[in-house]
Amino acid sequence: MRLCAALLGFALVSPACRTPARQYAQAPRAPCPAPVIDVSRWDLIDRRIFTFRLPPGFHQIPAQGIDSYVEQFEADGGMSRVTFDFGWYGGDVAFDPGMYAHYSRCAEVIGGRSATLVTAILINPNWPRQDGRQLAVAAWRNVRDLPGTIPGKDHLTISAETRDRVRFRQFLALLRTVEFRPQLDGAHALMSDRRH
């Protein structure tokens with residue numbers, strides 16, 4: 001599933017109706033370095049292949065991936081959202097001036113694996129609730145090392161969007177809480193444990 005269209009719920013827009021990047025005057029914090037935030041009491045989301053922590057106040061909402069495993073969590077009356085996408089098409093967030101303003105990118109090792117981190121402002125004039133939100137994303141490629149798995153199949157992308165600058169700092173810390181576990185037997189290990 002493509003991050004721009006399905007994961008974040010973008011409505012595809014023609015170049016003529018895209019909002020210019022300069023409209024969003026205030027850039028979000030750069031993705032690196034990480035802010036110093038105590039995450040030890042945050043809720044642990046355990047999906048067996050990987051875990052991460054969510055700040056207080058989030059609850060899971062329905063989400064359906066097309067060709068990947070997707071879950072979403074919301075807080076602040078729907079104004080803050082965290083989404084993960086595990087499957088074939090994640091693992092990168094390329095710059096598109098029609099979808100992002102103030103795009104900033106860096107690399108860091110998180111959970112023992114190389115990750116790409118991005119912060120940006122979302123451009124989505126067809127959905128005012130999302131347009132202008134600050135976006136924080138971490139993406140990992142090839143996160144499973146099981147014999148017999150298809151190379152390039154299992155990528156993880158975690159994205160978080162909000163208008164609240166305190167939440168945004170939390171999101172940058174959230175991305176650093178990802179841990180990867182030794183692999184379990186079975187193709188459906190990810191979906192077999194949905195505790196949170």
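Residues numbered from 1 in each chain as written. Predicted model: local features only at pLDDT ≥ 70, side-chain atom pairs only at ≥ 80, totals over all residues. Heavy atoms only, no water.

(A) Quick peek at the sheet that holds strand β6 (residues 100–110). Overall, antiparallel pairing links the 7 strands, which are arranged β3-β4-β5-β9-β8-β7-β6 in an open sheet. Looking at strand neighbours, the two that pair on one side only are β3 (59–61) and β6, the edges of this open sheet. If you compare each strand with its neighbour and ignore which way they point, the axes differ by 20 degrees on average. Alignment of strand β5 (residues 80–87) against strand β9 (residues 155–162), held across 7 bridges, turns out to be antiparallel. Each residue of the ladder has a partner; that of Arg81, found in β9, is Glu161. Each of β4 (68–75), β5, β6, β7 (113–122), β8 (134–140) and β9 touches helix α2 (residues 165–175); the most contacted strand, β8, lies at about 5 degrees to it. (Pairing = 2+ DSSP bridges. Helix = DSSP H or I, 4+ residues; strand = E, 2+ residues; numbered from the N terminus. Axes fitted to C-alpha atoms, helices over the stretch in contact; angles between N-to-C directions. Contact = heavy atoms within 4.5 Å.)

(B) Focus on the side chain of Asn124. In this fold, Asn124 is placed in the loop between β7 and β8. Among the polar contacts listed, one links the side chain of Asn124 to the side chain of Gln130, at a separation of 2.7 Å. (Polar contact = N/O pair within 3.5 Å; in protein donor to acceptor, adjacent residues only side chain to side chain.)

(C) Structural detail: unusual backbone geometry. Going from Cys32 to Pro33, the amide bond is cis rather than trans, its omega being 5 degrees. Examined against the element boundaries, Pro33 turns out to sit in the loop between α1 (3–7) and β1 (43–46). Of note in this structure, Asn142 is not a glycine but carries a positive phi near 55 degrees. Among the residues examined, Asn142 registers a relative accessible area of 36% and is labelled partly exposed. (Buried < 20%, exposed > 50% of the residue type's maximum accessible area, 1.4 Å probe, protein only.)

(D) Quick peek at the confidence of the model for the protein chain. Predicted confidence across the protein chain gives a mean pLDDT of 81, with 75% of residues reaching 70 or more. Note that residues 1–22 has pLDDT below 50 and, in this model, 55 contacts with residues that lie over four places away or in other chains. Under a pLDDT of 50 for its full length, residues 191–196 has, in the predicted model, 17 contacts with residues more than four places off or in other chains. (pLDDT = per-residue confidence, 0-100.)

(E) Spatial organisation of the state of the cysteines. Enumeration over the complete set of coordinates arrives at 1 disulfide. At a sulfur-sulfur separation of 1.9 Å, the disulfide partner of Cys32 is Cys106. Looking down the S-S bond of the Cys32 and Cys106 bridge, the torsion is 65 degrees, so its handedness is right-handed. One end of the pair, Cys32, is in the loop between α1 and β1; the other, Cys106, is in strand β6, with 74 residues separating them in the sequence. On the basis of relative accessibility, which here comes to 16%, the residue Cys106 falls in the buried class. (Disulfide = S-S within 2.5 Å.)

(F) Spotlight on the pairing of strand β2 (residues 50–54). Most of β2 is tucked away, with 4 of its 5 residues classed as buried. In textbook terms, the turn of a hairpin is the stretch between consecutive antiparallel strands, and for β1 and β2 this stretch comprises 3 residues, one of which, Arg48, has a positive phi near 65 degrees. Pairing of β2 with strand β10 (residues 179–180) involves 2 bridges; the strand directions are antiparallel. By the bridge assignment for β10, Thr51 is matched with Glu179.

(G) Representation of the environment of Thr119 in the model. Residue placement: Thr119 occurs in strand β7. Counting along the chain gives 19 residues from Thr119 to Ala138, while the straight-line C-alpha distance between them is 9.1 Å. Filtering out sequence-adjacent residues up to four positions away, Thr119 remains in contact with Pro28, Arg29, Ala30, Pro31, His102, Tyr103, Ser104, Leu135, Ala136, Phe168 and Leu172.

(H) Molecular detail of the sheet that holds β10. Pairing is antiparallel across the open sheet formed by 3 strands, whose spatial order is β1-β2-β10. A single partner strand is all that each edge strand has here, and the edge strands are β1 and β10. By the bridge criterion, 4 bridges tie β1 to β2 in an arrangement that is antiparallel. Paired with Ile45 across the bridge in β2 is Phe52.

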